[in-house]
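Residues per chain, in single letters:
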Amino acid sequence: MERNPMRRQLQVMRKSLFDQGYLDEQFVQLEELQDDANPNFVEEVVTLYFRDSARLILNIEQALERKPFDFNKLDGYMHQFKGSSSSIGAKRVKAESTLFREYCKSGNGEGCMRTFQQLKKEYATLRKKLEAYFQVARQAGPMETACRPK
Amino acid sequence: MAVRRAEEMGGYGHSDFETEEVHVLAVDDSLVDRKVIERLLKNTSCKVTAVDSGRRALQFLGLDDDKEANGFNGLKVGLIITDYSMPRMTGYELLKSSVFREIPVVIMSSENIITRIDRCLEEGAEDFIVKPVKLSDVKRIIDYMTADFVGGGRRVINKRKLRDDSGDRSSLSPPYTIISIFIVNTGFSHQTSQNGKL
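Position numbers for residues start from 1 in each chain and track the written sequence from start to end. For this description, chains carry letters from A and ligands carry numbers from 1, given in the order in which they are written. The model is predicted, so local features are restricted to residues of pLDDT at least 70 and side-chain atom pairs to those at 80 or more, both for listing and for counting; the totals for chains, interfaces and linings are taken over all residues. Note that water and hydrogens are dropped before the side-chain values are worked out from all heavy atoms of the structure.

Where an unreviewed UniProt entry is consulted, chain B appears under the name Two-component response regulator ARR4, with the organism given as Hibiscus syriacus.

An unreviewed UniProt entry lists chain A under the name Histidine-containing phosphotransfer protein, with Hibiscus syriacus as the source organism. UniProt positions are given in the numbering used here, feature names are shortened, and annotations may be inferred rather than shown by experiment. What UniProt states about chain A under its Function (unreviewed entry) heading is, verbatim, "Functions as a two-component phosphorelay mediators between cytokinin sensor histidine kinases and response regulators (B-type ARRs). Plays an important role in propagating cytokinin signal transduction."

Structure follows, in C-alpha cells:
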C-alpha cells in the first residue's frame, strides 16, 4: 500500500486506465523496461507515439477528403497507426484501427468515416488521460515496481 | 571478444562461438517500434544499432563485410531483427539478400499470417515474432541464439549457415526443429512451436 499520497493517486489513475480498457498488457511491458538508467522511458515512448501518429492521423484525414476513397492507401496508413498504437498498449485506439481496416478491406467508405471519428475521440481521450497521468508521475517520483492489473 | 574454434569443442559444426554480448541490428520503419525494440534488446544485454530501412541495414552491413567490426569496439553484428512490412524493402526481401547468409535473421510482424510465417521460416529466418514485441520474446531468442552446450562455452546458432554448409536443404526441414535438436542436446528444456511463437 503506497504511503505517499501522490503515488497513491498515480496508482488509482493507472488502475483506472486499465480497468476502463484504455491500456493493455503492452503498456506494462513498457513499464518493465523503465529503470534507474531510463527513468522516463514510458513517457518518452508515449510522447513519441503521439507526435509520430499525429502525422498519420492527418494523412488519413486528407485521404478521406478525396473521393473516391483509395482504400489501399487508407489501409496502409492505418496499418502503421495500428502498429504503433499496439506497441504502447493503446487498447481502445487499437480496436478502432482494426475496425477501420476491416471497413477498408470491404470497401465500406461510410464505415471508415464513422470509425475514424470514433478513433479520433478515443485518441484524444487517451492523450488527455496519459498527459495527466505523467504529470502526476513526475511529481510522485519512481514507483517501486510495475504491477499487473488484476 | 573471445572466439573459440569449433574443433576445440569436439566437433559441433562450423559455427563460431561468441561471448554473451551480441550486437543486434534492428530494422523497423516505425519510430515508436524502433525505440521499444532498442530498449528491449538493451535490457537483454545486447548492443543495438537501430535503422529505419532495409537499405540502411544493407549500408550498415556493407561497411562490415571486411571482417572488421562496425561500432561498439569491434563487435560484429551477430543478429538481425527486422520488421516484415516496410516500404521499398520488406523484411522478407532483406532476409533473402545473400549478404545476410552469415548473420541470423528474425522477422517481426504485427500480422499473424501463417503463410507469411511459413514463407519466412522456409527462407531461413531464425524465428518469427508477432508484434507487439514482448521482453519474453526477445529473451527467448537471445537465450537460444547464445545457448550453452555440453563442454562449456556458448554458441550462436545460425540455421541458414548450417543448412547451406550441409548442402542439403531437405534434410533440415521443417526449419525450426533444428533449434530444438540443439537445445535438447544441451539439456535445455525448450519448446518450439509451429508458428515460431511460444
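1. Observations concerning the sheet that holds strand β5 (residues 127-130) of chain B
Residues and elements named next belong to chain B. Strand pairing requires that DSSP identify at least two bridges connecting the strands. Here a helix means four or more residues in a row that DSSP labels H or I, a strand means two or more in a row labelled E, and each is numbered from the N terminus. Strand order in the open sheet formed by 5 strands is β2-β1-β3-β4-β5, with parallel pairing between adjacent strands. Each edge of the open sheet is held by one strand with a lone partner, namely β2 (47-51) and β5. Direction aside, the axes of adjacent strands within the sheet are offset by 20 degrees on average. Relative to β2, strand β1 (residues 23-27) runs parallel, the two sharing 5 bridges. Paired with leucine 25 across the strands is threonine 49, a residue of β2. Contact between two residues is taken to exist if any of their heavy atoms lie within 4.5 Å; hydrogens are not considered. Axis lines are fitted to C-alpha atoms, over the contacting stretch for helices. Their N-to-C directions set the angle, which ranges from 0 to 180 degrees. Each of β4 (105-109) and β5 is contacted by helix α4 (residues 114-122), which is oriented at about 150 degrees to β5, the strand it contacts most.

2. As for helix α2 (residues 25-32) of chain A
Burial classes follow relative accessibility: with a 1.4 Å probe on protein chains only, a residue under 20% of its type's maximum area counts as buried, one over 50% as exposed, and anything between as partly exposed. Among the 8 residues in α2 of chain A, 6 count as buried, and that is most of the element. Gln26, Phe27, Val28, Gln29, Leu30 and Glu31 of chain A are the residues of α2 of chain A that are buried. On its buried side, α2 of chain A packs onto α1 (5-19), α3 (41-63), α4 (71-88) and α6 (109-140) of chain A together with α1 (31-43) and α5 (135-145) of chain B. For the purposes of these results, a polar contact is taken to be a pair of N or O atoms within 3.5 Å, where, inside protein, one atom must be able to donate a hydrogen and its partner to accept one; residues adjacent in sequence count only when each atom of the pair is a side-chain atom. For α2 of chain A, the N-terminal capping position is held by aspartate 24 of chain A, with its side-chain oxygen 2.9 Å away from the main-chain nitrogen of glutamine 26 of chain A.

3. A word on unusual backbone geometry
The omega torsion across lysine 67 of chain A and proline 68 of chain A is 0 degrees, close enough to zero to call that bond cis. Position of proline 68 of chain A relative to the elements: it lies in the loop between α3 and α4. Look at the link from lysine 131 of chain B to proline 132 of chain B: it is a cis peptide, with omega at 5 degrees. Within the secondary structure, proline 132 of chain B sits in the loop between β5 and α5. If you check the backbone angles, serine 45 of chain B has positive phi at about 65 degrees while not being a glycine. The phi dihedral of arginine 88 of chain B falls on the positive side, at around 65 degrees, and the residue is not glycine.

4. Quick notes on the UniProt feature "modified residue: Phosphohistidine" (unreviewed entry) in chain A
The sites that carry the UniProt feature "modified residue: Phosphohistidine" (unreviewed entry) are, in the present numbering, His79 of chain A. The residues contacting histidine 79 of chain A, other than those within four sequence positions of it, are Arg101 of chain A together with Ser85, Ser110 and Glu111 of chain B.

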